[in-house]
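Per-entry structural report
In case you want the letters, here they are:
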Amino acid sequence: MPIRSATARWEGNLTEGSGSVKTGKGGLQGNYSFKSRFEEGEGTNPEELIAAAHSGCFSMAFSKGLADAGFTPNSVETVAKVRLDKVEGGFGVTGIDLETVGDVPGIDEATFQKIAEGAKENCPISRLLSPGAPITLSAKLA
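As a starting point, this report considers the structure included with it.

What counts and what doesn't
- Sequence order as written defines the numbering, with residues in each chain counted from 1.
- Totals for whole chains, interfaces and linings use all residues, but because this is a predicted model, local features are given only for residues with pLDDT of at least 70 and pairs of side-chain atoms are given and counted only at 80 or more.
- The side-chain values count all of the structure's non-hydrogen atoms but skip hydrogen atoms and water molecules.
- Paired strands, in this sense, are two strands between which DSSP finds at least two bridges.
- Think of it this way: any DSSP run of H or I at least four residues long counts as a helix, any run of E at least two long counts as a strand, and we number them from the N terminus.
- Axis lines are fitted to C-alpha atoms, over the contacting stretch for helices. Their N-to-C directions set the angle, which ranges from 0 to 180 degrees.
- Only heavy atoms matter for contacts: two residues are in contact if any of them lie within 4.5 Å across the pair.
- Definitions used for this entry: grid spacing 1 Å over protein atoms alone; cavity, a set of points where a 1.4 Å probe fits but cannot get out; pocket, an open set with protein on both sides within 12 Å along at least 5 of 7 lines; lining residue, one with an atom within 4 Å of a point.
- Grid points are joined across faces, edges and corners, and a volume is the space filled by probe spheres set on the points.
- Disulfides are defined as pairs of cysteine sulfur atoms found within 2.5 Å of each other.
- The set of buried Ala, Val, Leu, Ile, Met, Phe, Trp, Tyr and Cys residues whose side-chain atoms join them within 4.5 Å is what this entry labels a nonpolar core.
- For the exposure calls, accessible area comes from a 1.4 Å probe over protein chains only, and a residue counts as buried if that area is under 20% of its type's maximum, exposed if over 50%, partly exposed in between.
- Roughly parallel here means an angle under 35 degrees, roughly antiparallel means over 145, roughly perpendicular means 65 to 115, and every remaining angle is called oblique.
- Here a crossing is taken to be left-handed if its near helix is turned anticlockwise relative to the far helix by less than a right angle, and right-handed if that turn runs clockwise.
- Pairing of aromatic side chains requires ring centres within 6.5 Å, counting the rings of Phe and Tyr and the six-membered ring of Trp. Pairs whose planes differ by under 30 degrees are stacked, by over 60 edge-to-face, and all others tilted.

1. Here's the deal with the sheet that holds strand β4 (residues 75-87)
With mixed pairing, the three strands of this open sheet are ordered in space as β4-β5-β6. Each of the sheet's edge strands pairs with one partner strand only, and the pair in question is β4 and β6 (135-141). Put simply, the sheet's adjacent strands are angled 15° from each other on average, direction ignored. Sheet topology note: the strand β5 (residues 90-103)/β6 ladder contains seven bridges and is parallel. Bridging from a neighbouring strand, V101 pairs with K140 of β6. Running over the sheet, helix α2 (residues 46-68) touches β4, β5 and β6 and is turned about 145° from β4. Sheet strands touched by helix α3 (residues 109-122): β5 and β6. Its angle to β6, the strand with the most contacts, is close to 150°.

2. Section: the layout of surface pockets
Roughly 360 Å³ of internal volume is contained in the largest pocket. Together, M1, P2, I3, R4, S5, A6, T23, G24 and K25 line the largest pocket.

3. Some points on the state of the cysteines
With the rule as written, the count across this model stands at zero disulfides. We note that C57 lacks a disulfide partner, and the nearest cysteine sulfur, in C123, lies 3.3 Å from it.

4. Things to note about the environment of F71
Take F71: it is sitting in the loop between α2 and β4. Through-space distance from the C-alpha of F71 to that of F112 is 9.7 Å; in sequence the pair is 41 residues apart. Residues in contact with F71, not counting those within four places in the same chain, are L66, V104, P105, G106, I107 and T111.

5. Structural notes on the nonpolar core
Within soluble globular proteins, side chains that are nonpolar tend to cluster in buried spots. Ranked by size, the top nonpolar core spans 22 residues in total, and within it F58, F62, L66, I96, L98 and I107 carry the most contacts. Contributions of two or more residues to this core are made by α2, β4, β5, α3 and β6. Considering each element in turn, this core owes the most residues, five residues, to α2.

6. Observations regarding the packing of α2 against α3
Taken N-terminus to C-terminus, the directions of α2 and α3 make an angle of 135°; their axes are 8 Å apart at the nearest point. Relative to α3, the element α2 lies oblique. The interaxial crossing formed by α2 with α3 has right-handed handedness. Contacts between α2 and α3 pair F58, A61, F62, G65 and L66 from the former with F112, I115, A116, A119 and K120 from the latter.

7. Let's talk about the packing of aromatic side chains
Under the criterion given, the structure shown has five aromatic pairs. Geometrically, the ring pair formed by W10 and Y32 is tilted, given 5.1 Å between the ring centres and 50° between the ring planes. Note that W10 is positioned in strand β1 (residues 6-11) and Y32 in strand β3 (residues 29-33), a separation of 22 residues in sequence. Relative accessible area serves as the criterion here: at 30%, W10 is assigned to the partly exposed category. Among the aromatic residues, those joined into a ring-pair cluster are F34, F38 and F91.

8. Comments concerning the sheet that holds β1
With respect to topology, three strands assemble into an open sheet ordered β1-β2-β3, the strand pairing being antiparallel. Edge positions in the sheet fall to β1 and β3, since each of these pairs with one other strand and no more. Geometrically, the sheet is characterised by an average inter-axis angle of 20° between neighbouring strands, direction not taken into account. When β1 meets strand β2 (residues 18-23), the two strands line up antiparallel, connected through six bridges. Each residue of the ladder has a partner; that of A6, found in β2, is T23.

Okay, structure coming up:
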């Protein structure tokens, strides 16, 4: 399996400096700063990048689970919300909320929920993050 990478560069001090991030093949690039991370400033931040990775991984895992069960989804759209809070000793990611909507012809609600839970538990990014942060899931049929 290939090894994936990203690069971040920061210039200046924490509150007045700024940086940029770029994925290994340049598919995603963005600027980040203290304001984009801890306030509502322009740019991205590490937590948004984690959310992007988690929502993408979950959507793929859910689509695979659906296909393995004999259902071909028209679409799976997932929002991941990563919570960064002040904790003892600084800041920490305190939870991740996944909200997904699947357009899946012919599936019943119970089967849909079971497959969604399986994807939440087994996508590689969930497995990486779940020991440190609780992950919730809200799954709805379109």
